[in-house]
Amino acid sequence: MRLSICIPTYNRARHLRNCLRSIASSGIMQHSGVEVCISDNGSSDDTAQIVEEAKQLVPLRYERNQENLGIPANFLKVVDMATGEFAWLVGDDDLLMPEALKTLLELIEKHPHVDFFYVNSFHLTTEFVLSHPQPFDVSNLPSDMQPFSTRKKDGELAFFDLIDPKISFDFLGGMFLSVFRREKWLENAGVLNAKAIKDMRTFAYFDNTFPHVKIFAKAFSGSRAYFQSKPLSVCLSGAREWAPMYPLVRSVRLIEALDEYRGNGMSLWRYLECRNFALRYFIPDLVYMILRREVSGVAYIKPFRLLAANAVYPNSYLSLFLYFVRKAKRLIMRLSPSQGLAH
């Protein structure tokens, strides 16, 4: 088996249905070396029925956990289920582009020494997908979708060269961007803290926020990677129940991701550059977390310690100024003649 598409899911049957339909539309039945693995974290909706229906269109393996194992444990479970040389962790609400599998399999064949492929993705809203007849047909995708990464140059590079704001603003946080050699993942999955990944509180630790990043940092530190600029998937925004905790992810957990990369060999200069970039929302995010403490996850951090730790980085101060600049730009756009002011 060449490639395993690994989908962890929980109570999102309607999104999973669209995801599986897009995989079918990518011509998976024409590629004998591809499988789909689904680990169901104890769903109580129609997930099992959706999977049963999809078996007519997609070669898949399905396991349902008797109880909810938590997000990181379900990530580990679905990769363990797989048999492919490479694994692609895909969200249950993501969509594959029609040419995704053909392109990816060709890349794997042409670059035998590459262990990690960064595959670009498009942005799209959940509202757009759900506004069409269901299950969604990828032929209805808009032509003006924006890519996740704006880098245009394809090619091989060192793994740590992917950790660059010019390539990806979330430093591989989006799991759907990564196709990786599964053997290396399995060899290094033990780096995760067992207590943290069993904690059912969303984003209470780095390990149960970005378990894949922690494994990537250890497993692929010395690996060759490949950057694929043409998007092979579509990442939907709007289907994430954890949206109120995004400031915690953006201004705290992503900094911790950089610490993991640095601890596994990323250069000091790259680390400093990326960390300063990651702090561009820092003060507004910290204020939000304090004001919205009931939903923001502020209980998992020490605000004053964070302020002290980031005091040497210019963007920790400029973030407040940048916040007002962004607000002003949005106001100007709303009041511009093209938005109707002239009328």
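Residues numbered from 1 in each chain as written. Predicted model: local features only at pLDDT ≥ 70, side-chain atom pairs only at ≥ 80, totals over all residues. Heavy atoms only, no water.

A.B. asks: Help me understand the overall build of the chain, please; the structure alone is not making it clear to me.
C.D. replies: For the chain, the count of helices and strands is 14 helices and nine strands. Against the 2.2 N^0.38 benchmark of 20 Å for 343 residues, the chain shows a C-alpha radius of gyration of 20 Å, consistent with a compact globule. Over its C-alpha atoms, taken along the principal directions, the chain stretches across nearly 55 × 55 × 40 Å. Within the span of the chain, comprising 343 residues, buried residues form 54% of the whole. Long-range pairs, those at least 24 residues apart, make up 81% of the contacts in the chain between residues at least 6 apart in sequence. Of the accessible surface of the chain, which amounts to about 16000 Å², a share of 56% is contributed by carbon and sulfur atoms. If the 41 positive side-chain charges of the chain are averaged to one point and the 36 negative ones to another, these points end up 7 Å apart. (Helix = DSSP H or I, 4+ residues; strand = E, 2+ residues; numbered from the N terminus. Rg over C-alpha atoms; globule rule 2.2 N^0.38 Å. Buried < 20%, exposed > 50% of the residue type's maximum accessible area, 1.4 Å probe, protein only. Contact = heavy atoms within 4.5 Å. Areas by Shrake-Rupley, 256 points an atom, 1.4 Å probe, with all protein chains shown as cover. Lys, Arg positive; Asp, Glu negative; His and termini not counted. Charge placed at Lys NZ, Arg CZ, Asp CG, Glu CD.)

A.B. asks: In this structure, what is going on with the packing of helix α9 (residues 246–263) against helix α10 (residues 268–278)? I would like to understand it.
C.D. replies: Each packed pair of helices is defined by two parameters, the angle between the axes and the distance between the axes. One can describe the packing of α9 onto α10 by two numbers: an axis separation of 10 Å at closest approach and a directional angle of 175°. Between α9 and α10, the angle is such that the two are roughly antiparallel. Here R250, I255, L258, D259 and R262 of α9 lie close against α10, whose contacting residues are L268, Y271, C274, R275 and A278. Its residues assigned to classes, the contact of α9 with α10 comprises six nonpolar, no polar and four charged. (Axes fitted to C-alpha atoms, helices over the stretch in contact; angles between N-to-C directions. Parallel < 35°, antiparallel > 145°, perpendicular 65-115°, else oblique. Nonpolar A, V, L, I, M, F, W, Y, C, P; charged D, E, K, R; others polar.)

A.B. asks: Quick question: what am I supposed to make of the pattern of salt bridges here?
C.D. replies: When the charged atoms of two side chains lie near each other, side chains of opposite charge can form a pair. Within this structure, the stated rule accounts for 19 salt bridges. E63 serves as the salt-bridge partner of K77, at 3.4 Å between the closest nitrogen and oxygen. Placement of K77 in helix α3 (residues 71–81) and of E63 in strand β3 (residues 60–64) is noted, with a sequence separation of 14 residues between them. Among the ionic pairs, K102 bridges to E106, the shortest N-O distance being 2.9 Å. Taken together, the positions of K102 and E106, both in helix α4 (residues 100–110) and four residues apart, correspond to about one turn of that helix. By relative accessible area, which is 34% here, E106 ends up partly exposed. One network of salt bridges, with partners in common, ties together R2, E85, E109, D115 and R181. (Salt bridge = Lys/Arg side-chain N within 4 Å of Asp/Glu carboxyl O.)

A.B. asks: I would appreciate a short explanation of the packing of aromatic side chains in the present structure.
C.D. replies: The way to describe two aromatic rings as a pair is by their centre distance and the angle between their planes. Enumeration according to the criterion identifies 21 aromatic pairs in this entry. Each member of the aromatic cluster is reached from another via a ring pair, and the members are F116, F159, F160, F180, W185, F216, F220 and Y261. The side chain of R151 reaches across the aromatic face of F227, ending 5.2 Å from its centre. Its end group placed over the ring of F277, R280 keeps NZ or CZ at 4.0 Å from the ring centre. (Phe/Tyr/Trp six-rings, centres within 6.5 Å; stacked < 30°, edge-to-face > 60°. Lys NZ or Arg CZ within 6 Å of the ring centre and 35° of its normal.)

A.B. asks: Hey, could you run me through the pairing of strand β8 (residues 178–181) in this one?
C.D. replies: Residues in a regular strand project their side chains so that they alternate between the two faces of the sheet. By the bridge criterion, three bridges tie strand β4 (residues 86–89) to β8 in an arrangement that is antiparallel. Within the sheet, the bridge partner assigned to F86 lies in β8 and is R181. By the bridge criterion, three bridges tie strand β6 (residues 114–125) to β8 in an arrangement that is antiparallel. Pairing of F116 across the sheet is with F180, part of β8. (Pairing = 2+ DSSP bridges.)

A.B. asks: How should a nonpolar patch on the surface be read in this particular structure?
C.D. replies: On the surface, L268, W269 and L272 cluster together to form a nonpolar patch covering roughly 350 Å² of accessible area. For L268, the location among the structural elements is in helix α10. Of the residues examined, L268 reaches a relative accessible area of 44% and is grouped as partly exposed. (Patch = residues over 30% accessible without salt bridge, like charges linked within 9 Å, V, L, I, M, F, W, Y side chains within 5 Å.)

A.B. asks: Is there a simple way to explain the environment of R181 in this structure?
C.D. replies: Mapped onto the elements, R181 comes out in strand β8. Separated by 71 residues in sequence, R181 and K110 place their C-alpha atoms 15 Å apart. In contact with R181, other than residues within four places in its own chain, are E85, F86, P112, V114, D115 and F220. A polar side-chain atom of R181 sits 2.7 Å from a polar atom in the side chain of E85. (Polar contact = N/O pair within 3.5 Å; in protein donor to acceptor, adjacent residues only side chain to side chain.)

A.B. asks: Help me understand the side chain of S223, please; the structure alone is not making it clear to me.
C.D. replies: As for its position among the elements, S223 is in the loop between α8 (211–219) and β9 (224–237). Looking at S223, its side chain comes within polar contact range of the side chain of D115, at 2.9 Å. Leaving out residues up to four positions away in the same chain, S223 has contacts with D115, L157, A158, F159 and K184.

A.B. asks: Explain helix α1 (residues 13–25) here, please?
C.D. replies: Every α-helix winds through 3.6 residues per turn, so residues three or four apart in the chain are directed the same way. For α1, with 13 residues, the first-to-last C-alpha span of 18 Å sits near the 18 Å given by 1.5 Å per residue. What α1 keeps buried is the set A13, H15, L16, N18, C19, L20, S22 and I23. On its buried side, α1 packs onto β1 (3–9), β2 (34–40), α2 (47–54), β3, β5 (95–96) and α5 (126–130). Looking one or two residues beyond α1, the residue adopting positive phi is G27, at roughly 80°. (Expected span 1.5 Å × (residues − 1).)

A.B. asks: Help me out: how do you make sense of the side chain of H111 in this one?
C.D. replies: Note that H111 resides in the loop between α4 and β6. If we ignore the near neighbours within four places in the chain, the residues touching H111 are F117, E156 and Y226.

A.B. asks: I'm lost on the environment of R14 in this one. Help?
C.D. replies: Here R14 is to be found in helix α1. In this structure, the C-alpha to C-alpha distance between R14 and D93, residues 79 residues apart in sequence, is 8.6 Å.

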